[in-house]
Amino acid sequence: MKIFSSMYTKLIGLTLGIAALVAIISMLGFEQLLHAKVWNILLFFFFLTLVMVFLTQLILKNGEENFAQVVLGATIFRFFFSLGYILIFLFLGLDNIILFVTNFFAVYLLYLLFDIYGLITNLRPHSK
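Given the structure is predicted, the values throughout are model-derived calculations rather than measurements.

A. Summary view of the nonpolar core. Counting residues in hydrophobic clusters, the biggest one holds 26 residues, and the most contacted among them are I41, F45, Y85, F100, F104 and Y111. With nine residues, helix α2 (residues 38-60) is the single largest residue contributor to this core. Residues within four places of F104 in sequence aside, it is in contact with I41, F44, F45, S82, Y85 and I86. Core analysis: the second largest hydrophobic core is formed by five residues, F67, V70, V71 and L119 among them.

Okay, structure coming up:
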């Protein structure tokens, strides 16, 4: 599926772009805006999105008539995994949890925009 091979490329580009943004913020001296676990957050979302794209690809091999439902289901699945990730760090007693949650949801929203963009650009070819 050509759509998903381009999604992998776009996902890598998005992740590298966010990593560059984090590095620039850090180099400009605004470390107080970044939690120490920001790189873990970025890796979590990269691998979670990678798995979601792969699973979506497997599900849609049988038929693409439910494209929107599958992608939206994957988005909800990602939301629950994200909540679980935050709860794990809450139970571990992470320091500066407000900054962690702020960084987490900033990255979450960027990956959510990536999903919405992928859905909008691919929804029209799959509509009947």
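B. Examining the packing of aromatic side chains more closely. Scanning the entire structure with this criterion turns up 17 aromatic pairs. An angle of 85° between the planes, with centres 5.5 Å apart, marks the rings of F104 and F105 as edge-to-face. Look at F105 and you get partly exposed, because its relative accessible area is 30%. One aromatic cluster is present, formed by F44, F45, F79, F80, Y85, F89, F100, F104, F105, Y108 and Y111 through successive ring pairs.

C. Examining the side chain of D115 more closely. With respect to the secondary-structure elements, D115 resides in helix α4 (residues 97-126). Once residues lying within four places of it in the same chain are set aside, the contact partners of D115 are T49, T75 and R78.

D. Just unusual backbone geometry, in detail. Unusually for a residue other than glycine, N96 sits at a positive phi of about 55°. Looking at the element boundaries, N96 is found in the loop between α3 (67-92) and α4.

E. Highlighting a nonpolar patch on the surface. A contiguous nonpolar patch, built from I24, M27, L28, F30 and L33 and spanning about 550 Å² of accessible area, is present on the exposed surface. With respect to the helices and strands, the residue F30 is situated in the loop between α1 (2-27) and α2.

F. Molecular detail of the side chain of S82. Its location among the elements puts S82 in helix α3. On the accessibility criterion, S82 (2% relative accessible area) is buried. Once you skip the residues sitting within four places of it in the chain, S82 turns out to touch F44, F45, L48, F104 and Y108.

G. Highlighting the pattern of salt bridges. A complete count under the given rule lists one salt bridge for this structure. For the salt bridge of R78 with D115, the shortest nitrogen-to-oxygen distance reads 1.7 Å. Placement of the pair is R78 in helix α3 and D115 in helix α4, with a sequence separation of 37 residues. In this pair, the class of R78 matches that of D115, namely buried.

Parameters and conventions
Residues numbered from 1 in each chain as written. Predicted model: local features only at pLDDT ≥ 70, side-chain atom pairs only at ≥ 80, totals over all residues. Heavy atoms only, no water. Core = buried A, V, L, I, M, F, W, Y, C linked by side-chain atoms within 4.5 Å. Buried < 20%, exposed > 50% of the residue type's maximum accessible area, 1.4 Å probe, protein only. Helix = DSSP H or I, 4+ residues; strand = E, 2+ residues; numbered from the N terminus. Contact = heavy atoms within 4.5 Å. Phe/Tyr/Trp six-rings, centres within 6.5 Å; stacked < 30°, edge-to-face > 60°. Patch = residues over 30% accessible without salt bridge, like charges linked within 9 Å, V, L, I, M, F, W, Y side chains within 5 Å. Areas by Shrake-Rupley, 256 points an atom, 1.4 Å probe, with all protein chains shown as cover. Salt bridge = Lys/Arg side-chain N within 4 Å of Asp/Glu carboxyl O.

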